[in-house]
Amino acid sequence: MFINGINKKIYILISMILVVVVGFMVYEDYGLTLDDESYRLNGVFYKEFIQNYFLSIFSFDFSELSNLNEEIQNTPIRNHPAIFEIFLEFIVKIFGVTEINEIYNISHLLNYLIFSFSLFICYKIISVRFNSNLLSILSIFLIFFTPRFFAESFYNSRDIFFFSLFIFFIYTVQCQLDRDDHKNKILVSLTSALLISSKVLGIIPFLIYILFYSIHNSEKNKNLLKILTKVILIIFLTLLFALILWPYLWLNPIENLIEGYFGILKDHDNLKVLTLFMGEQQTSTSTPWYFRIVWFYITTPLIICLLFSSGLVALVTKFIRCIMNLNEKDSNLIINKSNFLDFFLLLNLILIVFVTAKYNDSQFNGWRHLYFLYLPIIYISIFAIRELAMNKRVKVVVFFILTISCALNALWIFKNHPYQNNYLNYLASKYAINKFDLDYWGLSNYQSLKYILDKDNRKLINVSTVSFANLNISKLKLDKKNRERLNVVFDYSKADYLINSYMSRLGENYKHNFKDYEKFYEITVLGKPINTVYKKN
């Protein structure tokens, strides 16, 4: 057993070293998204706000607090959570980093390291639930070799960061199931607060957890007062941690919490962008309810789609059987720890997909807003693998297919670096390649700008875009010398180069006649252009 324990530690150590080393090799290769600079500036604002807040408190200058409150109310997106960005700004200040491109490199590395740590925590969740080192390590590689997740683990500090926080939350829930002491109550409250203060949807897993925790305790203990005391303590600690973690709430907690949540929902639902879905250009407010479900099935490796679908059927069947057997003697729904986690993740998946499909008016950018549900998706896939592996012959076939799938995904990631965010699975690629948006965030603009700078040695180069993109943001990833060589213009007639990243904008001003230009450079994925540079004749 000791030898097995040593081997287990070696396997996970090698796996995590591989994950981290790969990240350090490529973290500087990715561009910036349309949202990056606004969110970074939000972090800058709140870093200064925190400093001024405590300075006012310690100097007893409470008049300054009203000025801070007014500044919050009058500045855009200040109600948006900024945990990652605040953390980033304090790190760059500690290390004295001032160059904007280096700040973004640190941001990408930081996001990736948090993601990497969450993979290790995912390993622990699967290990405890399924008692299998093989399945636990497999869960790491199923996520790591999902091409879109690999790419976005560097630059997507909203959705992948939230995915990592969700994993931390599930782990603390699992720990509390094992031992419901004060330490684990504090930890689960802290991770709940991180969810709530990072994304509006974070409130749903917390509410489901409170429901399951109450049922779980009532099945073990009929003392309602004791159960109520535990629940109130967790809710209190969660709200306290949320208040601490979300500076927007400091000056007016209740009003700002309500305004923050409803304000973010309103901003999101009012956002209208063009999106290519199933071959039709649609506004994000007119997309069908199954928008994100289709995006999931075309952008996720085929083996995971199949395993998840079969596992979902098996787990729902298991849940229904438990419900039907509730009237039998000594029958309980979730007192069993495995049942608790199985049904907890299942309900999170189903309820959140339903709520967003039914009530989220504006859907865009694939299914990235629900990336955090990839944990229950992988969990359910592992559940399916475990069920299939009970047959020894089937087990060999399943693990052979999984090995081949991970190897092929790894090869795809390598061949298409750093454009893994455009991945479509084998079954969907031929149909979807011309019918869905690819580089919707315009990340490939960074590589096109680098190519222009490398091939054109002029001191000043005028560039423009005909797509839904912002080259002033894209060029922030360049060093200062090269940023100064690029002049972004909005009058196409003055542009030396035009860049097309194939994301249409609302309005006629995005149409342009390329007769005065010739194709200069093109980036393709799966044979489809995702970014084309035109040079003036």
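Residues numbered from 1 in each chain as written. Predicted model: local features only at pLDDT ≥ 70, side-chain atom pairs only at ≥ 80, totals over all residues. Heavy atoms only, no water.

Participant: Which parts of the structure should I look at to understand the side chain of Arg-129?
Facilitator: Looking at the secondary structure, you find Arg-129 in helix H5 (residues 100-130). Residue Arg-129 is classed as buried on the basis of its relative accessible area of 11%. Among the polar contacts listed, one links the side chain of Arg-129 to the side chain of Tyr-379, at a separation of 3.1 Å. For Arg-129, the contacting residues outside a window of four places in its chain are Gln-174, Lys-318, Ser-338, Leu-341, Asp-342, Tyr-379, Phe-383 and Arg-386. (Helix = DSSP H or I, 4+ residues; strand = E, 2+ residues; numbered from the N terminus. Buried < 20%, exposed > 50% of the residue type's maximum accessible area, 1.4 Å probe, protein only. Polar contact = N/O pair within 3.5 Å; in protein donor to acceptor, adjacent residues only side chain to side chain. Contact = heavy atoms within 4.5 Å.)

Participant: Can you help me understand the packing of aromatic side chains in this one?
Facilitator: To describe a pair of aromatic rings, one takes the distance between the centres and the angle between the planes. Under the defined criterion, the tally for this structure stands at 58 aromatic pairs. An angle of 85 degrees between the planes, with centres 4.9 Å apart, marks the rings of Phe-162 and Phe-372 as edge-to-face. With Phe-162 in helix H8 (residues 159-178) and Phe-372 in the loop between helix H15 (337-359) and helix H16 (374-388), this pair connects stretches of sequence that are 210 residues apart. By the burial criterion, Phe-162 is buried, and Phe-372 matches it. Above the face of the Tyr-39 ring, Arg-158 is positioned so that its terminal group lies 4.7 Å from the ring centre. One cation-aromatic arrangement involves Lys-199 over Phe-162; the distance from NZ or CZ to the ring centre is 5.6 Å. (Phe/Tyr/Trp six-rings, centres within 6.5 Å; stacked < 30°, edge-to-face > 60°. Lys NZ or Arg CZ within 6 Å of the ring centre and 35° of its normal.)

Participant: Can you help me understand the pattern of salt bridges in this one?
Facilitator: Two side chains carrying opposite charge are able to pair once their charged atoms lie near each other. Scanning the model with the defined rule gives 17 salt bridges in all. Note that Lys-185 is salt-bridged to Asp-180, the shortest N-O span being 3.0 Å. Note on Lys-185: relative accessible area 5%, which makes it buried. Between Asp-342 and Lys-318 there is a salt bridge, and its shortest N-O distance comes to 2.7 Å. Remark: Lys-318 occurs in helix H14 (residues 302-324) and Asp-342 occurs in helix H15; sequence separation between them is 24 residues. Here the salt bridges do not stand alone but share partners, grouping Asp-35, Asp-159, Lys-199 and Arg-368 into one network. (Salt bridge = Lys/Arg side-chain N within 4 Å of Asp/Glu carboxyl O.)

Participant: Explanation requested: helix H6 (residues 133-144) in the structure shown.
Facilitator: Residues three or four positions apart in an α-helix share a direction because the helix packs 3.6 residues into each turn. The end-to-end C-alpha distance of H6, which contains 12 residues, comes to 17 Å, matching closely the 16 Å that a straight helix rising 1.5 Å per residue would cover. The buried fraction of H6 amounts to 11 of the 12 residues, a majority that puts the element mostly inside the structure. Turning to H6, its buried residues number three or more, namely Asn-133, Leu-135, Ser-136, Ile-137, Leu-138, Ser-139, Ile-140, Phe-141, Leu-142, Ile-143 and Phe-144. (Expected span 1.5 Å × (residues − 1).)

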